[in-house]
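# Fold and contact review
One-letter residues, chain by chain:
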Amino acid sequence: MQEPADLEVELQQAMTEAVIPVAGVHLVFVPDVARPRMLLWGSDVANHPLAVSGESGSLLLPDESFKLRRVRGYYVPLQDALIQLSAMTQAEIEQAPASVAVWSLAAKFLLELVARERLVPRVVKQAGEQRARWSVVLNLPQDQERFATLVQAFPIAAHAVPHATDANNNVVDARSPASADAPIRIWMADALLREFFDTAADGLVRSACQQNLKTSKSSVKKAKIVPDASLAPWPIRLSRALTTEAAQFVPQGVQERMVLTELRHWTQSVMGTTAQQLRLCLQLQLPEEDRTEFELNFLLQRDDDPDARATATELYVNGQNAAAKLQCELRVAHEQLLQMLAVAARSFSFIENELRKPRPDSMRLNPRLAWEFIKQVPALQQMGVIVELPSMLTADAQQRLSMQMCIGDDRPSHYDSADHELDYQWRATLTGAPATIEVLHDLIDLRTPLARYRDTWVVLDPKELNHALKLLEQKGGTISLPLALSLALTETIHQQDSGLRIQVLPQGSLAELVTHMRERETVHEVATPAAFNGSLRPYQQRGMSWLAHLTQLGLGACLADDMGLGKTIQLLAYLLHRQSESQLTESSARPMLLVCPTSVVGNWEREIARFAPSLKVLRHYGITRIQNAEDFAVEAAGKLVITSYGLMRRDAAWLRDLEFSVVVLDEAQFIKNASSATARTARALKASTRIALTGTPVENHLAELWSIMEFLNPGLLGPHETFRREIAIPVERYGRDDVAARLRRMVAPFILRRTKKDPGIATDLPAKQETKVFCSLTREQATLYQSAIDEAFADIEAADGITRRGRVLALLTALKQVCNHPAHYLREQGPLNGRSGKLDRLCEMLQEVLATQDRVLVFTQYREMGERLVRVLSRLQGKPVPFLHGGVSRAARDEMVRRFQELPKSSRIMIVSLKAGGTGLNLTAATEVFHFDRWWNPAVEDQATDRAHRIGQQRSVQVYKLLCAGTVEEKIDAML
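Residues numbered from 1 in each chain as written. Predicted model: local features only at pLDDT ≥ 70, side-chain atom pairs only at ≥ 80, totals over all residues. Heavy atoms only, no water.

## Thoughts on the overall build of the chain
Within the chain one finds 39 helices and 33 strands. Residues classed as buried in the chain amount to 52% of the 976 residues present. Working note: accessible area of the chain is about 45000 Å², and carbon and sulfur atoms make up 50% of it. (Helix = DSSP H or I, 4+ residues; strand = E, 2+ residues; numbered from the N terminus. Buried < 20%, exposed > 50% of the residue type's maximum accessible area, 1.4 Å probe, protein only. Areas by Shrake-Rupley, 256 points an atom, 1.4 Å probe, with all protein chains shown as cover.)

## Side note on the packing of helix H28 (residues 702-712) against helix H29 (residues 720-734)
H29 packs onto H28 with a crossing angle of 145° between their chain directions and a minimal axis gap of 9 Å. H29 is crossed by H28, and the crossing has right-handed handedness. Contacts between H28 and H29 involve Leu 702, Ala 703 and Trp 706 from the first element and His 720, Phe 723, Ile 727, Ala 728, Val 731 and Glu 732 from the second. Considering only residue class, the contact of H28 with H29 consists of 7 nonpolar, 1 polar and 1 charged. (Axes fitted to C-alpha atoms, helices over the stretch in contact; angles between N-to-C directions. Left-handed = near helix turned anticlockwise from the far one by under 90°. Contact = heavy atoms within 4.5 Å. Nonpolar A, V, L, I, M, F, W, Y, C, P; charged D, E, K, R; others polar.)

## Topic: the pattern of salt bridges
With the rule as written, the count across this model stands at 29 salt bridges. Salt-bridge contacts for Asp 190 lead to Arg 194; the nearest nitrogen and oxygen are separated by 3.3 Å. Within this pair, Asp 190 and its partner Arg 194 are both found in helix H6 (residues 189-215), separated by 4 residues, close to a single helical turn. Notably, a salt bridge pairs Glu 635 with Lys 639, separated by 3.3 Å at the nearest N-O pair. With a relative accessible area of 36%, Glu 635 lands in the partly exposed category. Salt bridges here are not isolated pairs; linked through shared partners, they connect Glu 112, Arg 116, Asp 143 and Arg 146. (Salt bridge = Lys/Arg side-chain N within 4 Å of Asp/Glu carboxyl O.)

## Quick notes on the pairing of strand S6 (residues 129-136)
Here S6 lies mainly inside the structure; 6 of its 8 residues are buried. By the bridge criterion, 8 bridges tie strand S5 (residues 119-126) to S6 in an arrangement that is antiparallel. Bridge pairing in S6 links Val 120 to Ser 135. (Pairing = 2+ DSSP bridges.)

## Considering the environment of Arg 899
Within the element layout of this structure, Arg 899 appears in helix H37 (residues 890-902). Taking C-alpha positions, Arg 899 is 9.9 Å from Pro 882, a pair spaced 17 residues apart along the chain.

## Thoughts on the packing of helix H21 (residues 567-581) against helix H23 (residues 601-611)
Following both chains from N to C, one finds H21 and H23 inclined at 55°, their axes separated by 11 Å at the closest point. Taken together, the axes of H21 and H23 are oblique relative to one another. The crossing of H21 and H23 is right-handed. In this structure, H21 contributes Thr 568, Ile 569, Leu 571, Leu 572 and Leu 576 to the contact, and H23 contributes Trp 604, Glu 607, Ile 608 and Phe 611. (Parallel < 35°, antiparallel > 145°, perpendicular 65-115°, else oblique.)

## Here's the deal with the sheet that holds strand S16 (residues 450-453)
The strand order across the open sheet formed by 3 strands is S12-S17-S16, and the pairing between neighbours is mixed. Of all the strands in the sheet, the pair left with one neighbour each is strand S12 (399-400) and S16. Bridge analysis of S12 against strand S17 (residues 456-459) gives 2 bridges, and the strand direction is parallel. Residue pairing across strands places Gln 399 opposite Val 458, the latter belonging to S17.

## A few points about unusual backbone geometry
Positioned with a positive phi, Gln 327 is a non-glycine residue whose angle comes to about 60°. As for its placement among the helices and strands, Gln 327 is situated in the loop between helix H11 (319-326) and helix H12 (330-344). For Arg 827, which is not glycine, the phi dihedral falls at a positive 60°. Looking at where Arg 827 falls in the secondary structure, it is placed in the loop between helix H34 (822-826) and helix H35 (837-851).

## Some remarks on the sheet that holds strand S25 (residues 659-666)
On the basis of which strands lie adjacent, the open sheet formed by 7 strands has the order S23-S24-S22-S25-S26-S21-S27 and parallel pairing. The outermost strands of the open sheet, each flanked by one partner alone, are strand S23 (617-619) and strand S27 (751-752). Note that S23 and strand S24 (residues 640-644) share 3 bridges and pair parallel. The residue bridging Val 617 from the neighbouring strand is Leu 640, located in S24. Its contacts with the sheet put H23 on strand S22 (592-596), S23, S24, S25 and strand S26 (686-693), and the angle it makes with S24 is roughly 160°. Packing of helix H24 (residues 629-636) onto the sheet brings it into contact with S23, S24 and S25, and relative to S23 it is tilted by some 150°.

## A word on a negative patch on the surface
A contiguous patch of negative charge on the surface is contributed by Glu 288, Glu 289, Asp 290 and Asp 455. As for its placement among the helices and strands, Glu 288 is situated in the loop between strand S7 (278-285) and strand S8 (294-302). (Patch = residues over 30% accessible without salt bridge, like charges linked within 9 Å, V, L, I, M, F, W, Y side chains within 5 Å. Lys, Arg positive; Asp, Glu negative; His and termini not counted. Charge placed at Lys NZ, Arg CZ, Asp CG, Glu CD.)

## Here's the deal with H24
Ala 629, Phe 632 and Ala 636 are the residues of H24 that are buried. All buried residues of H24 lie within an arc of 65° about the axis, which places them on one face of the element. Within H24, the exposed residues directed more than 90 degrees away from the buried face are Glu 630 and Val 634. Residues of H24 that are buried make contact with S23, S24, helix H26 (652-655) and S25. (Arc of directions from axis to C-beta.)

As structure tokens, this is what we get:
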């Protein structure tokens, strides 16, 4: 890449105005042809996610006085850096150092450009040789704007300055006399970003081509790498230079030199890199009032000055003045006009007829050809052609047929049943006026994609017109209330076959109901059922009423209150209310199904016996359970069936044939993976009412929300792939607030979420105080810690791809085990005392807690560590300490919880596996919670803490999180 002559001066001025901070973390791109890579450097980079996949190295960078200094860091291969930079979330980017953040945004932008195939093949001079490479095209206005924004935000610390050396391999100062013989190659933000884009895109394309070659020997024959059909036949040597690691290419023979010349002309016009920076402008003008032909004018325009332009007619009639406006020679303007018209003809072939004329300046287009031209605008813009359309024919202002589905009427009505039927009618409008059946017939008879209608030009798509006509002829019909509400909340329907978008317009009482649902207004409060053995807090009363109201309308509901706020008793009160209503005899005779994790089956049975003893319960688990549909239907009629996710999946073959009145999923995050067998089985269950209970409707990705909503209200969020493309990616990857707001409008009526911080709830809960306890490593731990790092880094540097990432993860796990205890890492049984700073500190704190007669929960994510804690803490307490983990049977688990909760003389310490005990347990007897080791997801830790800090707890809860200072645990804590 060639830099302007004054580039060094500009960078020198920039360096005197900004100081590169010495502290912190910085990331720079090193534009090396042989080994493109990035350098991560700073005062604290050893445990940075990028550093663990790199190798140590050094680079010379300029300081505030423009003198070179050597910095040490980690070189990361460009492909590995792309993976990690593009995976950063919006929150991580906001917290990252400026240089890391800007390269993350650049990586995301680059991958988007590659996915949109904004690439061209080129042959350029690099490192003193001719090389074939792929380059990114940035000629679209929106791409240019995003690129310019990146350039403006580019920090000084993100610049790379590859150093120069003299004959003795000594570094040459940028301002020393010797620098004239060995000048430092300086990169400004614009040039560096373009080089990053081109280098990374070239590597991605070559990697993909090599992968295709490995999977299929015939892939080269099938791959269409020719940028344009007019450049065929494509030289085999050039194809290889573009798809293999051997990028060097020197044209040989007439054919290769001709193709290379054509390729350069084509890429120059596409990328806007012609010598004179001239671009073709195609200007479409509307017909005069008494005519139907559009006029397409040809113009030339300077890329750096939009006002410097001349029409083709001016170039022919008044050539010298027109060339002066373009600041070029007349001969060059004529050549560029004809050359770029030939390029444009590859997308809009009708221009070829004009090129046969001696002086092509404009052309006439009938409405059909004008529409063909408008459809080719994106392709023309991708080629670097400027297109100017009349304001009424631009993509945002095109007048098209609009279809509305009007549901409901103006008559007042009270919707109290899901069986309520609503009328709907179809309505069509064009240019704001009603379009009747007769009008549509007349428009179809025109047989033209563009027509003048009511003093404006409108787009007439035959498929849209015919589909709209069929709908109008049907006039309307009736639909159920649940379907009407779902349509009204989605707001638009997209007909895939016709491309017609239909706007849903709720009217009358339905519109009021939709407004109430969006504003979370409960239509009427439901009284606590007489059979409920207890009292509900005000927010719990509202939750039960909300469930009753939404399910009465035939809609699925997600109760997403924080852990510990009483989702269980709200559901039980709702089931009793439903049972007392008994409005639908057939429905009340059908069984109800409750699916929950195995670890909380016993908890549900106890809560039912305590709060809803009148509910008839059928336990569907164990080897004695019913295993066929016929016997199950008879035995389960009118009862609440309790089963686990595992058994639901195992008995799916016949469970899906039964009709349930209610299906409830407790801890509904178990179906967050939409493609899992558990999620597919849950969606296949037949039920008139569906309810999900979860404190975390979204733990990591929006796809989890889609899976839960697809169970509750199938089709509400559309197909999974459409949801991912139109909602999940724009929100998660690009932070699109408008898309997030649209998603919120769609799902908010079906999700009720209250947190412990809400004003109406905080007063019902005792205080919770969290404290981080920093522990020191023992000498043995420190030695093992450093040894684990040294051994793992040797393996990591020798690996690549998924193997490399797996070893990095294994290293992190090993380091956490060292922090827990050397015996945990070494797989030893003992001895245990005196070898772990964290265990010693835990024992010291527990001695103080036991003296106060409080009860304690100790959480660990490792079963192996939990077993070692049992031995140490049992000796400390003087009696056996129970350990609740995934291998404990249901009966033993229930007895363990009962003894801890109810028996004063039982163990006052319980060790709990974070995975097995993180959900569904009520352990309010404990007021002290210790997290012996940290988990990656803070939501999982909070759920574990909520076993004690929940409704029913009468005292304040102390939470302690143990960390080893100066280790990966402290880094994880900082990230959390």
